[in-house]
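# Structural overview for review
Spelled out from the first residue to the last, the chains are:
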Amino acid sequence: MKKINFIAITIMLSLILSSCGSTQVAGEIGTNSAVQKPSASESTDEPLPKTYDQSSVKVRPDDGRTVIGISMPDKLLERWNHDGTFLKEHFEKEGCEVVLKFANNLIDTQINDIRSMIDEGADLLVITAVDGAALSSILKEAKSQGIKVVAYDRLLMNSDAVDYYVSYDNYKVGVLQAEYIIEALRLKTSRDSKNIEFVTGDPVDNNARYFYQGAVDTLLPYLENGKLRVISNQQGFYETSTAQWSTDIAQQRLQIILNSYYPENVKLDAVLCANDSTALGATRALESDYTGTNKVIVTGQDADVPNIYSIIEGKQSMTVFKALRDESVVAVALGLAILSDDTPDGQLITNSGWGFDCTYNTTDYDNGSKIVPSFLLSPITVTKDNLEEELFDTGYYARNGAGLIYAVE
Ligand code: GAL
């Protein structure tokens, strides 16, 4: 591993922050002024920002390189391409060598990818699992060689080799989707009951369960008092799940539900889709197989480009936006701190000056072997009404000369 230059870290972080737009942080944590000019009272009890003294770096035998292995699940789902790019670019800016691989949503491929990263001298692994529970043995190998492991976006299960977890507040994603439906269907005030169907996520993705639980917990009062009905009676996590977050599987399942339970006189009011790839399948099924004339509420997540068009065209109602650039900023800062043999905690946020919300959590993410210390960012709801402001004015998305939308990398 090559010794890390602290000054370079600071420059890099400020560069990343300056590129992250200027959304103000809730509360006092993270505003530049707080970090650089701590108030008098603070300087007495608040420790000054930790400097990463290179001599403390001892994770793997020093081979003069800092190698980061980044293992992404898949290229078909739009977001992982962006995550991979952001992470690679930020670590490389830091003089780290990056090995970035995509596993085609195949468990064996991901295990081989990680093994080759270990063989190539990785000091840190940043992994988004295809199947969160399928990597415990290769992670054990990594740990035995002193390699640090960060679970990126999806928690790695049943392994004590996981040092940290970086993600968005996954439970809140489901809450935001459900709250949108409660609002849009006026469930708090209307007397009539409404009909909903669920299209949840990949059952081997630990996040899918949090999305589902957040949504169901929020809708429960209405499901219990009959204001919200599931005509197909498919409400459980597994029976509503979508393997590999597949658009086609989501489309086919909803087409069967529409043809089986929604004849002419039965209205469907909402489809709670856990993410945008499934929402795309749902809107296609509604276009081809729904006989009703009402506008069906459809939720989503990720702000994938095709779904931004669907929202502009009114086919999809909302998406839960998670700024991937910000998530990678946290992962890189965390990775560098770990490689400096530090044990980062909430101070990493306090000292960061990040222009976005992030909380340090040491209670909620039990991976079956340990409670993994987690850095959680805060997702937001994006609709036709705030889309320009939240996605384009912030610089996360742009339009090219022909007016086509693209995610800014
Ligand atoms: C989840 C992730 C979501 C969504 C989904 C499908 O793990 O948190 O943002 O992308 O995977 O890829």
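Relevant structure appears above.
Residues numbered from 1 in each chain as written. Predicted model: local features only at pLDDT ≥ 70, side-chain atom pairs only at ≥ 80, totals over all residues. Heavy atoms only, no water.

## Focus: helix 9 (residues 247–261)
Between the first and last C-alpha of helix 9 there are 21 Å, a value that for 15 residues agrees with the 21 Å anticipated at 1.5 Å per step. Turning to helix 9, its buried residues number three or more, namely Thr247, Ala250, Gln251, Arg253, Leu254, Gln255, Ile257 and Leu258. In the core, the buried residues of helix 9 are packed alongside strand 6 (194–199), strand 8 (270–273) and helix 10 (276–289). (Helix = DSSP H or I, 4+ residues; strand = E, 2+ residues; numbered from the N terminus. Expected span 1.5 Å × (residues − 1). Buried < 20%, exposed > 50% of the residue type's maximum accessible area, 1.4 Å probe, protein only. Contact = heavy atoms within 4.5 Å.)

## Points about the site of the ligand
Taken together, 13 residues surround the ligand, and among them Arg79, Asp153, Arg154, Asp205 and Asp302 come closest. Contact distances for the ligand include 2.9 Å between an oxygen atom and a side-chain N or O atom of arginine 79. At 3.0 Å from an oxygen atom of the ligand is found a side-chain nitrogen or oxygen belonging to asparagine 207. Where the shell around the ligand is concerned, the elements lending two or more residues are helix 4 (78–93) and helix 8 (206–224). When the residues that make up the shell around the ligand are grouped by side-chain class, the tally is four nonpolar, three polar and six charged. (Near = heavy atom within 4 Å. Polar contact = N/O pair within 3.5 Å; in protein donor to acceptor, adjacent residues only side chain to side chain. Nonpolar A, V, L, I, M, F, W, Y, C, P; charged D, E, K, R; others polar.)

## Description of unusual backbone geometry
Residues other than glycine seldom take positive phi values, yet tryptophan 245 does so here, at roughly 55 degrees. Within the fold, tryptophan 245 resides in the loop between strand 7 (228–229) and helix 9. Look at alanine 303: it is not a glycine, yet its phi comes out positive at around 50 degrees. Secondary-structure assignment places alanine 303 in the loop between strand 9 (297–298) and helix 11 (305–312).

## A closer look at the sheet that holds strand 6
Read from one edge to the other, the open sheet built from four strands follows the order 7-6-8-9, with strand pairing classed as parallel. The sheet terminates laterally at strand 7 and strand 9, the two strands that pair on one side only. Bridge count between strand 6 and strand 7: two bridges; the pairing is parallel. By the bridge assignment for strand 7, asparagine 195 is matched with arginine 229. Relative to the sheet, helix 8 contacts strand 6, strand 7 and strand 8, its axis offset from that of strand 6 by approximately 155 degrees. Along the sheet face, helix 10 touches strand 6, strand 8 and strand 9 and points at about 155 degrees away from the line of strand 8. (Pairing = 2+ DSSP bridges. Axes fitted to C-alpha atoms, helices over the stretch in contact; angles between N-to-C directions.)

## Here's the deal with the packing of aromatic side chains
Taken as a whole and judged by the stated rule, the model has eleven aromatic pairs. Seen from their ring centres, tryptophan 354 and phenylalanine 356 are 5.4 Å apart, and the 10 degrees between their planes marks the pair as stacked. Residue tryptophan 354 is classed as buried on the basis of its relative accessible area of 2%. In this structure phenylalanine 356 comes out as buried when scored by relative accessible area, which is 8%. An aromatic cluster is present here, built from Phe321, Phe392, Tyr396 and Tyr397 joined pairwise through their rings. Just above the ring of phenylalanine 102 sits the side chain of lysine 75; from NZ or CZ to the centre is 4.7 Å. The ring of phenylalanine 392 has arginine 399 sitting right over it, with the charged end atom 4.0 Å from the ring centre. (Phe/Tyr/Trp six-rings, centres within 6.5 Å; stacked < 30°, edge-to-face > 60°. Lys NZ or Arg CZ within 6 Å of the ring centre and 35° of its normal.)

## Thoughts on the packing of helix 5 (residues 107–119) against helix 6 (residues 136–144)
Two numbers describe how helix 5 lies on helix 6: the axes approach to 10 Å, and their chain directions differ by 10 degrees. Between helix 5 and helix 6, the crossing angle belongs to the class labelled roughly parallel. Contacts between helix 5 and helix 6 involve Ile111, Ile114, Arg115 and Ile118 from the first element and Ile138, Glu141 and Ala142 from the second. Of the residues assigned to the contact of helix 5 with helix 6, the class counts are five nonpolar, no polar and two charged. (Parallel < 35°, antiparallel > 145°, perpendicular 65-115°, else oblique.)

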